[in-house]
Number of protein chains: 2
Amino acid sequence: MTRNRFTSARYGEVERRMAEALVDIEARSLDPAPVEDCDCKQGMFPGVSRRSLLAGGASLGGAMLASGARAQEAPPGANLNPVPEDPTRVQGRPVLSENGYGARSQFESEVRWRYPTATAQSSWSMTPLASGHGIVTPSGLHFERHHAGIPTIDPREHTLILHGMVDEPMRFTMDDLMRLPSVSRIHFIECSGNTLTEWEEPTLRTVQGTHGLTSTSEWTGVKLSTVLEMAGLQDSGTWILAEGADAAVMTRSIPVEKAMDDAILAYAQNGEALRPEQGYPLRLLLPGFEGNMQIKWLRRLEVSDMPFMTREETSKYTDLMPDGEARQFTFEMDAKSVITFPSGAMRLPRPGYYEITGLAWSGRGRVTKVEVSTDGGETWEEAALQEPVLDKCHTRFRLPWVWDGEPAVLQSRGTDETGYIQPTLEELVEVRGTDSVYHLNAIQSWGIDSDGEVTNVHA
Amino acid sequence: MTRNRFTSARYGEVERRMAEALVDIEARSLDPAPVEDCDCKQGMFPGVSRRSLLAGGASLGGAMLASGARAQEAPPGANLNPVPEDPTRVQGRPVLSENGYGARSQFESEVRWRYPTATAQSSWSMTPLASGHGIVTPSGLHFERHHAGIPTIDPREHTLILHGMVDEPMRFTMDDLMRLPSVSRIHFIECSGNTLTEWEEPTLRTVQGTHGLTSTSEWTGVKLSTVLEMAGLQDSGTWILAEGADAAVMTRSIPVEKAMDDAILAYAQNGEALRPEQGYPLRLLLPGFEGNMQIKWLRRLEVSDMPFMTREETSKYTDLMPDGEARQFTFEMDAKSVITFPSGAMRLPRPGYYEITGLAWSGRGRVTKVEVSTDGGETWEEAALQEPVLDKCHTRFRLPWVWDGEPAVLQSRGTDETGYIQPTLEELVEVRGTDSVYHLNAIQSWGIDSDGEVTNVHA
């Protein structure tokens, strides 16, 4: 038997071995990321990222924090269990120690960050993409965008009304809907306002601030085509009004082609019921379309032969073009990508090996290629795409990189299955001007200076 | 404009239209499922399923519960927001109303169920599969199996030691590991004790009790092969001891072939750090292998030229065969499937349309086919497999069904890409006898009587 033959061998060799095995691997630990992306103070929640937490301690050559410092770093309300010197010497916490529905570790404290709008009811919060992994967004960190807050809706009383140009108007309880044939799909939702601060000058500092209005979930629900077929969609019906039960009574016009294609009446997200801030108990899912159309707290669908010209598609969610005309009904989110590591407000501690990683997505189908530049777009290298690469879904890309310590500009450029290539900001502005608010999908640049500081730059 | 032309039209027609459109759709509402699967009372948590919650109210023809009853049904500690009569007339809750990290609705209360073992430290809790959707398991509902409770580990102090038959022993901090090239994979983990109560008589009543020791997550981490290559794996090394930092000091022997194939040192689950009960901050992921080998709170790997014969692979986690010999090292979980709707302890309210759905998986690769029988295995019909169908991953299957009101026996039978077909219990017992505890992957039968009561039967 060879058990228990552990000795305190030559662990000091770890750095040399790493360097030999993978060119020049260096600690990926980073200075603490800022919690608030801009300087406005409007009651955002304090917190520290996992990376920053880890950065405080166990990096190669870094000094351990004293144990006494831990409690202060835990998120508000976290269950603070004592940390034993040797966890093998004391019984652990019991099964179901979190009341039957688990919670994350007391050492984890990533939070969504609220953009400092005038009120917190009409506002948005952004996913901390820099600390994400894989393609699924934890439901608790999915971005939010509400126009009049999150309504509290009893699912036993909620109904969906379907009327207008159908043979038979219908009303569905949640029970009615949930007994119908269902589908599950993994899709991103991106607010068309994502990156809206970046039209002219680099404005927000972190990738959470610049790109945190996109998230991915596994959604489950009933195909919208199923209920339209049940009600007898009339040939004259070409548009559908979708209406939410929130205090904004959010309304958008949906083309019937989309409704009959892949639209879903979603009642579940990541294996359980929708979260309240994602439309509980029912939202419209329009894969690849701008988030605003994917009506939350969905209560009414009305079929018509023309769009409804709601305030959200006339005064808002239109794109002002250089000639003064407003572009309307820009539904599909164009191909886009962003590097999440390294990204703004991080600091690379020293030259050496890093894995560049990020997300790419397209509202028009699958991502087919992501290229990465470390010299501001002079040269490009193709990144590896993490399987599965899914339709209208975040795709994780990765590329090994050795930083030589010289200033660098990191960029990623996504291509989708239509052949569309993500433009530079200059190319986008050439067409769109800078009067637009929505649909900025340009290449994002992260500058790295000789100290390793990573900043949002326009290159 | 056609807005606001809603009138209280012929919604009473809904049942007739549904019947026309989809054969004979009937309410999928169910009597409340039992919270405790068996009659033993050992402090399991009370709770009600979403289905049972909905069943109390809005089913076709069902009476609404009085609003006053709601608070009693909310889970312990839930944030109980008032339910407005008309949510469009009052501002909703603000962005970040859940402290920056969201929570589920106050109306949702699915919980894991703890099997009534003698202590809660050496015990297990089971995923409520009946209320699941899609393939991803919410991290808060992932099954648990602990042998000495959940240790509390500070990630800044945690290290992984790699030694034995390697050129250079190494020690990794979490920072060291997280800077290495990473991969993300969606895989199930199944405890080999899943379904252990069902060898002889139908014992547990719900699918949570019979099959709740399997869950699926998107896992992210470093390939084990990466660190083995860094340390210089020696040719003589054929087995690796993996050791956890819990009070059980859980240890298992892993074949080097698996370690060099698709094993992962996982630090993330469903887009964020591992949950404490899944091994925070580090677990070994061995896709398709029995759960017990996928060591949580991983702290040590030792390479040897023989297996280590730990207690978990000699006195436990072996299969006693009819001839008295114990089968050892049964790593791969064989193909298995189970119908989650309808399933045990539900009640179908009346004859009519239902969508049969469930999960299938195999430790040897992809699921290629799931067949469903409604007559106890006399005839079989192929179910639809929900895309994406992934390697060593839960696969959701669905089949429309019209129940004629006569007694029925529902079964599902999975086939994987090796051609292996899930056996009947009789076929399995023919080979394995009934002295085994682990690795029961037989076809599960749910009996439906003429009242619609669904029970666990051996058919």
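Definitions and limits used
- Every chain is numbered on its own, with residues counted from 1 as its sequence reads.
- Following the order in which they are written, the chains are lettered starting with A and the ligands numbered starting with 1.
- The predicted nature of this model means local features are confined to residues of pLDDT at least 70 and side-chain atom pairs, given and counted, to a pLDDT of 80 or more, with totals for whole chains, interfaces and linings taken over all residues.
- With hydrogens and water stripped out, all remaining heavy atoms of the structure feed into the side-chain values.
- Where helices and strands are cited, they refer to DSSP runs of H or I of at least four residues and of E of at least two residues respectively, numbered from the N terminus.
- Categorising residues by exposure relies on relative accessible area from a 1.4 Å probe, with only protein chains included: less than 20% of the type maximum marks a residue as buried, more than 50% marks it as exposed, and the intermediate range marks it as partly exposed.
- Contact between two residues is taken to exist if any of their heavy atoms lie within 4.5 Å; hydrogens are not considered.
- Residue exposure ignores everything except the shown protein chains as possible cover, and the areas themselves are Shrake-Rupley values with a 1.4 Å probe.
- Aromatic rings from Phe, Tyr and Trp, taking only the six-membered ring of Trp, are treated as a pair when their centres fall within 6.5 Å; an angle between ring planes under 30 degrees marks them as stacked, one over 60 as edge-to-face, and anything in between as tilted.
- Geometrically, a lysine NZ or arginine CZ counts as sitting over a ring once it is within 6 Å of the ring centre and also within 35 degrees of the ring normal.
- Pairs of N or O atoms within 3.5 Å make up the polar contacts considered here, provided that, within protein, one atom can donate a hydrogen while the other can accept it, and that residues adjacent in sequence are counted only when both atoms are side-chain atoms.
- A pair of strands counts as paired when DSSP detects no fewer than two bridges linking them.

**Describing the overall build of chain A**
Looking only at helices and strands, one finds 8 helices and 24 strands in chain A. Residue burial in chain A is summarised as follows: out of 459 residues, 64% are buried. Restricting the contact set of chain A to residue pairs at least 6 apart, pairs at least 24 apart contribute 71%. Roughly 15400 Å² of accessible area belongs to chain A as shown, and the carbon and sulfur atoms make up 49% of that amount.

**Regarding the packing of aromatic side chains**
Following the criterion strictly, the structure yields 22 aromatic pairs over all chains and no others. Pairing Tyr-317 of chain A with Tyr-438 of chain A gives two aromatic rings, centres 4.6 Å apart and planes at 25°, and the pair type is stacked. Of the two residues, Tyr-317 of chain A is situated in the loop between strand E13 (298-304) and strand E14 (319-320) and Tyr-438 of chain A in the loop between helix H8 (425-432) and strand E23 (445-448); the sequence distance between them amounts to 121 residues. A relative accessible area of 12% places Tyr-438 of chain A in the buried class. Their ring planes at 40° and their centres at 6.4 Å tell us that Phe-341 of chain B and Tyr-354 of chain B sit as a pair that is tilted. One end of the pair, Phe-341 of chain B, is in strand E16 (residues 336-341); the other, Tyr-354 of chain B, is in strand E17 (residues 352-361), with 13 residues separating them in the sequence. Pair check on accessibility: Phe-341 of chain B and Tyr-354 of chain B agree, each one buried. By the ring-pair criterion, three or more aromatic residues cluster together here, those being Trp-239, Phe-289, Phe-329 and Phe-331 of chain A. Lying over the aromatic face of Tyr-101 of chain B, Arg-104 of chain A brings its terminal NZ or CZ to 3.7 Å of the ring centre. The ring centre of Phe-289 of chain B lies 4.4 Å from the NZ or CZ of Lys-258 of chain B, which sits over that ring.

**Describing the environment of Glu-355 of chain A**
Looking at the secondary structure, you find Glu-355 of chain A in strand E17 (residues 352-361). Along the backbone, Glu-355 of chain A and Trp-401 of chain A are 46 residues apart, and their C-alpha atoms lie at a distance of 5.9 Å. Engagement of the side chain of Glu-355 of chain A in a polar contact is seen with the side chain of Arg-398 of chain A, the distance being 3.5 Å. Within the structure, Glu-355 of chain A has its side chain in polar contact with the backbone nitrogen of Ser-182 of chain B (distance 3.2 Å).

**Some details on the sheet that holds strand E22 (residues 408-416) of chain B**
Ordered in space as E19-E18-E22-E23-E24 (chain B), the 5 strands form an open sheet in which the pairing is antiparallel. Both edges of this open sheet fall to strand E19 (381-382) and strand E24 (454-457) of chain B, since each of them pairs with a single strand only.

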